[in-house]
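Topology and contacts: notes
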Amino acid sequence: MGDNPIPYYADPPSYEYFLQHHLIANIPALIGPKLIDHWEARQKWTQPITSETFSNEKCDDTELNGSLSPHPQLQPNYYYLKQKFGSAQVQVADCNERDFTDQRRTTLPFDDFVDLWQQTDKLDRHHYYLKDWHFVQAFPSENMYQVPDIFADDWMNEYWQKETEDDYRFAYMGGDKTFTPFHADVYRSYSWSSNICGVKKWTLFPPGQEDLYKDKFENMVYDIRHVDPNIFPYFSQAKRFVVYQKDGETVFVPSGWFHQVENIGGTISINHNWLNACNIEQCYQSMVKDLRDVEHSIDDLKDGMDPLEFVTTCQQLLLAHSGWNWKTLDRLLKCISTRLIADKNMHTQPSLQPLLDWQLEKIDRVRQKLGSEPFFSQYDFAV
Ligand SMILES: O=C(O)CCC(=O)C(=O)O
Ligand SMILES: [Fe+2]
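Below is a summary of the structure that appears in this document. (Residues numbered from 1 in each chain as written. Chains lettered and ligands numbered in written order. Predicted model: local features only at pLDDT ≥ 70, side-chain atom pairs only at ≥ 80, totals over all residues. Heavy atoms only, no water.)

For Trp257, the position within the fold is in the loop between strand 12 (250-253) and strand 13 (258-274). A C-alpha to C-alpha distance of 9.6 Å links Trp257 and Ser189, two positions 68 residues apart in sequence. Those residues in contact with Trp257 that lie beyond four places of it in its chain are Asn26, Ile27, Pro28, His183, Ala184, Leu204, Phe205, Pro206, Pro207 and Phe241. (Helix = DSSP H or I, 4+ residues; strand = E, 2+ residues; numbered from the N terminus. Contact = heavy atoms within 4.5 Å.)

Below, the discussion takes up the state of the cysteines. One pass over the full model with this rule turns up zero disulfides. In this structure Cys95 is not part of a disulfide, and its nearest cysteine sulfur, from Cys197, lies 16 Å away. For Cys95, a relative accessible area of 7% puts it in the buried group. Counting only cysteine sulfurs, Cys283 is the nearest neighbor of Cys278, a cysteine outside any disulfide, at a range of 11 Å. On the accessibility criterion, Cys278 (13% relative accessible area) is buried. (Disulfide = S-S within 2.5 Å. Buried < 20%, exposed > 50% of the residue type's maximum accessible area, 1.4 Å probe, protein only.)

Another point: the side chain of Asp167. You can see Asp167 is positioned in the loop between helix 6 (155-163) and strand 8 (169-174). Within the structure, the side chain of Asp167 is placed 2.7 Å from the side chain of Arg169, a separation counted as a polar contact. Ignoring anything within four residues of it in the chain, the contact list for Asp167 reads His134, Gln137, Asn157, Trp160 and Gln161. (Polar contact = N/O pair within 3.5 Å; in protein donor to acceptor, adjacent residues only side chain to side chain.)

On to the coordination of the iron ion (ligand 2). Around the iron ion (ligand 2), the protein supplies His183 (NE2), Asp185 (OD) and His259 (NE2) as donor atoms, at distances of 2.1 Å. Taken in sequence order, the residues that donate to the iron ion (ligand 2) follow the motif H-x1-D-x73-H. (Donors = N, O, S within 2.8 Å, 3.2 Å for Na, K, Ca; no water.)

Okay, the pattern of salt bridges next. For the coordinates displayed, the defined rule picks out 25 salt bridges. Among the ionic pairs, Arg105 bridges to Asp102, the shortest N-O distance being 3.2 Å. Judged by its relative accessible area of 26%, Arg105 is partly exposed. With a closest N to O distance of 2.9 Å, Lys289 and Asp293 form a salt bridge. With Lys289 and Asp293 both in helix 7 (residues 280-297), this residue pair falls four residues apart, about one helical turn. Judged by relative accessible area, Asp293 falls into the partly exposed class, the value being 39%. A cluster of three or more residues bridged by salt bridges with shared partners is formed by Asp102, Arg105 and Asp132. (Salt bridge = Lys/Arg side-chain N within 4 Å of Asp/Glu carboxyl O.)

Right under this line is the structure:
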């Protein structure tokens, strides 16, 4: 792996340090358990591991340099979780079943999932993975965790919670060997992920190597452990870094870094996607790229449409394909700039965020770019 650039912080870094060295620099970080040890979820959702539940033989994952990967110290408290959240409906991925670029998903009551989870841990058939559970939405009065200060400046959840019922705050729960296939995050946003228990092996790929991940039909690699070099001849050249995230540790995933995640032992994590002034431009660029792809995909219809109809169709497809479009971004920027301008007028500089003028400048830059898109000013935002 060689010169791994991913720093480990036993003591959480200050916001100012994190802003310069990680948010602006767009570099991953691994932060020790002190960041989240006070979370109620850390105490209540876990129990000490016993040798039968996770033995050496079961842990066959070996690091490239030959040393064994770490073992979890804690396991899920299945009984507590079931008692407390059993009746909720959750989305479960079957890690053995590929569904295009993702895994096949089904909806189950949480207590049925916990039964499968516990069974698969015993039977050594570990393939059910509860993903993208909007936990705070499902249980708003449970105060099981708090967003760490260094991740608090979050325009994405601020906007989506204010203007819709939706959010990007998730819980993940799965057994040994469950995994999340190779991907970059929604809108190329940041994510942070805190392990309540279990170990996650992250393989992280710095941005700028996207051409190495595709076959000649533009399909992407699905599982980095099984890549056919005849189909993906360049993938092996891609630079990557491996990080083991142990019980209680937190990973910061920067914008546009592709990654795959493999669980070791029964693993529970809290993951949020987020964006702010530091990565809004990368997120905007990802929308531009997705829009170009959409435009290209219906190129043959363009001649039969008037230009505004074409733009409107592309915006509808963009929303369906990427989960946002010009209108979403425009509203998000308005929502955040209204708050920033109100603070500026009061001559207050809130803590745990960059200088107000710097943030407003970033918003202006994106607005200017958005405004120079063909037909942006004629586009009907009411549609
Ligand atoms: O934990 C996982 O399985 C996936 C997490 C992830 O991809 C993320 O937090 O960005
Ligand atoms: Fe991700």
